[in-house]
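Residue strings, one per chain:
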Amino acid sequence: MNPVTVQNLSYRYPGQSAPVLEKVSFTLDEGEIAGITGPSGSGKSTLLRLLAGLEEPECGVIRIGGQIVADERRSVPPERRGVGMVFQDYALFPHLRVADNIAFGLHRRPRRERRDRLAQMLELTQMTALAGRYPHELSGGQQQRVALARALAPAPALLLLDEPFSSLDAELKGGLREELGRLLRQARITCLLVSHDRSDVRAICGRELALGGSAGDDDAAARRIVDSVRVCRGKAGDASQQAGRIAESSQ
Amino acid sequence: MHATKAAAATASRSRQRSPGSAGWQYFVRHHPFYVMLVPGIVYFLVMKYMPLLGTVIAFKDYNIFKGILASEWVGLQWFHQLFTYPKFLRLLENTLLISLYQIVFAFPAPIVLALLMNELRMMTVKRIVQTLVYLPHFLSWTIVAGLVYMLLSTQTGLLNGLYVSWTGNAPIELLQSADSIRTIIVSSGIWKEVGWGTIIFLAALTGIDPSLYEAARIDGAGRWRQFLSVTLPGLLPAIMVLLLLKLGNVMDLGFEQIYPFINPLNAEKGDVFDTYTYVAGIKGGQYSFTTAVGLFKSVVGFLVLVLANKASKAATGEGLY
């Protein structure tokens, strides 16, 4: 069973006549790292927010870990979806130290488990030495690693990354892309990444889902969905060969 | 030949004053900004700094006919008189206690109201509530005092009337009681200013990054934990700045707020420096003495502000300067 299945997902912003997403369908395999690309306004980030439960779809079904988390009748709240998310600007809590930021989502776990998981995440992201620092004392790359560690700490079934490189300058980006790719593969987690830059997706992901058109386009067909699936020369190994299932155009 | 010499001399002069000339060039390049600064500087000089010179009458026996310069210098006589004034300690106690009550009860009130209003999801309801709670700010203290009298008066007060008709007891003399005057002053102040005070906190709340709330929600934080982890830390800088400014005004309670409520029966616990200054200075014509009182208040306020700012910076990293 696919850990993530999206079927005929549609969404429109309140008060807007044109849907930003229309009948989007795709699946993700266990441990697969896929990337969504598309022009501005094509609904990339909205798709992530729908998966995370921060928005409710107009219609369609989202299954995560075999469980329906959103359909016409129900919408499971974000904290019960088993989803982790790295936000565009990382959304680190500015008054909490690195360790507290990472442990934020572990507050319901027993103290010992919390401590072990924190140590594990700090080690994975190589942030152990900086655990006592505040976010404003870290570089962009370090902040990204903390955001990743925080999202991974509760061991989600699906990790979502929204434009993880948009806050970084071009020089930093190259090295961090490699590093993020390595960390994600190391974490062995199903992951969906959004980027307006296809080279980000190609460097990290095994598959690319291209969203076409923008909500402002008159041509309804143009804003329909994921219109193509490409097999990338990514580093996710076998996962990159799983192309065909993703998107089926509704046309 | 002469031209060459003159050019060399000019070059030499400009080399000599190069550090200064860089500053001058910067000034010339950005002169419109400096011109725009002039009205602000003039305002502060004329309205804020020049009146400071008038505080010299605190050290003189000011005579309105002789003028400030010709009045006799008396040194610290008025300060001595203030500190040995029999009611000095009473004034100090009343001022500090009412100020303390305001900091403990009136200061957090707009924060709580802003947080509650921030939770309203129906924009129409939110706007109506905002408008209603802002309105009392535009009433003068005299009108507010009139409303309080209409509620609490023993003869015509609405609340006292209801109390008497329901219980059959004698009316409660709240306005004539020294024990209740501080509560009346502080609570009427909260009613009048709480809505207006929410504006700055609501603005601070809108400045909090919404993705912080979303990140907290995904990590399983309920409303209370979101409040503790996102809202409160987001509001803290605004809270600290306003609290420090409030502490700087610890001796200034506002004459208009208190004077309408004071009568001979409650003056024992309601009289503060501001009302005393008015009675002694304006009514009694003791300008030098009341200027000394004002200067004393300012110095205390300044010291409290400096100490509070230091304490705040040490504890939270936030400060005014």
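Residues numbered from 1 in each chain as written. Chains lettered and ligands numbered in written order. Predicted model: local features only at pLDDT ≥ 70, side-chain atom pairs only at ≥ 80, totals over all residues. Heavy atoms only, no water.

**Quick look at the overall build of chain A**
Argument step 1. Along chain A, the regular secondary structure elements total six helices and ten strands.
Argument step 2. Counting only residues that meet the buried cut, chain A has 55% of its 251 residues in that class.
Argument step 3. A separation of at least 24 residues holds for 68% of the contacts in chain A among residues at least 6 apart in sequence.
Argument step 4. Of the roughly 11000 Å² of accessible surface on chain A, 44% is carried by carbon and sulfur atoms. (Helix = DSSP H or I, 4+ residues; strand = E, 2+ residues; numbered from the N terminus. Buried < 20%, exposed > 50% of the residue type's maximum accessible area, 1.4 Å probe, protein only. Contact = heavy atoms within 4.5 Å. Areas by Shrake-Rupley, 256 points an atom, 1.4 Å probe, with all protein chains shown as cover.)

**Brief notes about the domain arrangement of chain B**
Residue and element names in this part refer to chain B.
Argument step 1. Segmenting chain B into domains produces domain 1 (20-73) and domain 2 (83-316).
Argument step 2. Here the C-alpha centroids of domain 1 and domain 2 sit 33 Å apart.
Argument step 3. Taken together, the contact between domain 1 and domain 2 spans seven residues of the former and five residues of the latter.
Argument step 4. Of the roughly 510 Å² buried at the junction of domain 1 and domain 2 (both faces included), carbon and sulfur atoms supply 75%. (Domains from an automatic or database assignment. Buried area = accessible area lost by both parts, 1.4 Å probe.)

**Focus: the pairing of strand 2 (residues 21-28) of chain A**
When a strand is regular, its side chains alternate between the sheet's two faces.
Residue and element names in this part refer to chain A.
Argument step 1. Extensive coverage of strand 2 is indicated by the burial of seven of its eight residues.
Argument step 2. Pairing analysis gives five bridges linking strand 1 (residues 4-11) to strand 2, with the strands arranged antiparallel. The residue of strand 2 that forms the bridge with V6 is F26. (Pairing = 2+ DSSP bridges.)

**Observations concerning helix 4 (residues 140-152) of chain A**
Argument step 1. Here helix 4 of chain A is 13 residues long and its end C-alpha atoms lie 18 Å apart, about the 18 Å a rise of 1.5 Å per residue gives.
Argument step 2. In terms of burial, helix 4 of chain A is largely enclosed, as eleven of its 13 residues are buried. (Expected span 1.5 Å × (residues − 1).)

**Observations regarding the nonpolar core**
Argument step 1. Of all hydrophobic cores here, the largest spans 60 residues; its most connected members are F26, L51, I62, L160 and L192 of chain A.
Argument step 2. The element contributing the most residues to this core is helix 7 (residues 108-118) of chain B, with six residues.
Argument step 3. Leaving out residues up to four positions away in the same chain, I62 of chain A has contacts with T5, V6, L9, L50, L51, Q67, I68, V69, A70 and R81 of chain A.
Argument step 4. Formed by 39 residues, the second largest nonpolar core is a distinct cluster that contains L152, A153, L184 and V201 of chain A. (Core = buried A, V, L, I, M, F, W, Y, C linked by side-chain atoms within 4.5 Å.)

**Focus: the pattern of salt bridges**
Pairs may arise between side chains of opposite charge once their charged atoms sit close together.
Argument step 1. Under the definition given, this model contains 16 salt bridges over all chains.
Argument step 2. The partner of K192 of chain B in a salt bridge is E193 of chain B, with the nearest N and O atoms 2.9 Å apart.
Argument step 3. Since its relative accessible area comes to 4%, K192 of chain B is described here as buried.
Argument step 4. One network of salt bridges, with partners in common, ties together R49 and E55 of chain A together with E214 of chain B. (Salt bridge = Lys/Arg side-chain N within 4 Å of Asp/Glu carboxyl O.)

**So, the interface of chain B and chain A**
Argument step 1. Each side of the interface is counted separately: chain B has 15 residues, and chain A has 22 residues.
Argument step 2. Ranking the residues of chain B by area buried against chain A places R217, I218 and D219 of chain B at the top, with a combined share of 39%.
Argument step 3. As a salt-bridge pair, E214 of chain B and R49 of chain A come within 2.6 Å of each other at their nearest N and O atoms.
Argument step 4. In this structure, the connection of chain B to chain A is made through four residue pairs in polar contact (both at pLDDT 80 or more).
Argument step 5. Listed by contribution, the elements that provide at least two residues to the side of chain B that touches chain A are helix 12 (210-218) and helix 13 (223-248) of chain B.
Argument step 6. Considering every element that reaches the side of chain B that touches chain A, the biggest residue donor is helix 12 of chain B, with seven residues.
Argument step 7. Residue composition of the side of chain B that touches chain A, by class: seven nonpolar, three polar and five charged. (Polar contact = N/O pair within 3.5 Å; in protein donor to acceptor, adjacent residues only side chain to side chain. Nonpolar A, V, L, I, M, F, W, Y, C, P; charged D, E, K, R; others polar.)

**Considering the environment of P3 of chain A**
Residues and elements named next belong to chain A.
Argument step 1. Along the polypeptide, P3 turns up in the segment before strand 1.
Argument step 2. Judged by relative accessible area, P3 falls into the buried class, the value being 8%.
Argument step 3. Separated by 128 residues in the primary sequence, P3 and A131 have C-alpha atoms spaced 32 Å apart.
Argument step 4. When near neighbours in sequence (up to four residues on either side) are disregarded, P3 contacts L28, D29, E30, R63, I64, G65, G66 and T190.

**Let's talk about the confidence of the model for chain A**
Residue and element names in this part refer to chain A.
Argument step 1. The predicted model of chain A averages 81 in pLDDT, with 83% of residues at 70 or higher.
Argument step 2. Mean pLDDT values over the elements of chain A span from 42, in strand 10 (residues 226-231), up to 95, in helix 2 (residues 98-102).
Argument step 3. Segment residues 214-251: pLDDT under 50, and 89 contacts once partners within four positions in sequence are set aside and those in other chains are kept. (pLDDT = per-residue confidence, 0-100.)

**Quick notes on the environment of L245 of chain B**
Argument step 1. Here L245 of chain B is to be found in helix 13.
Argument step 2. A sequence separation of 64 residues divides L245 of chain B from N309 of chain B, and the C-alpha atoms of the two residues are 9.4 Å apart.

**Here's the deal with the packing of aromatic side chains**
Residues and elements named next belong to chain B.
Argument step 1. Within the structure shown, the criterion is met by 22 aromatic pairs over all chains.
Argument step 2. Ring geometry for F27 versus Y34: centroids 4.8 Å apart, planes at 45°, classification tilted.
Argument step 3. Arranged with centres 5.0 Å apart and planes meeting at 70°, the rings of Y259 and Y278 form a pair that is edge-to-face. With Y259 in the loop between helix 14 (255-258) and helix 15 (267-270) and Y278 in helix 16 (residues 273-283), the pair connects residues that are 19 residues apart, well separated along the chain.
Argument step 4. On the basis of relative accessible area, Y259 is assigned to the partly exposed category, the value being 29%.
Argument step 5. Judged by relative accessible area, which is 26%, Y278 ranks as partly exposed.
Argument step 6. Here a set of aromatic residues connected by ring pairs shows up, and it is made of W78, Y85, Y276 and F289. (Phe/Tyr/Trp six-rings, centres within 6.5 Å; stacked < 30°, edge-to-face > 60°.)

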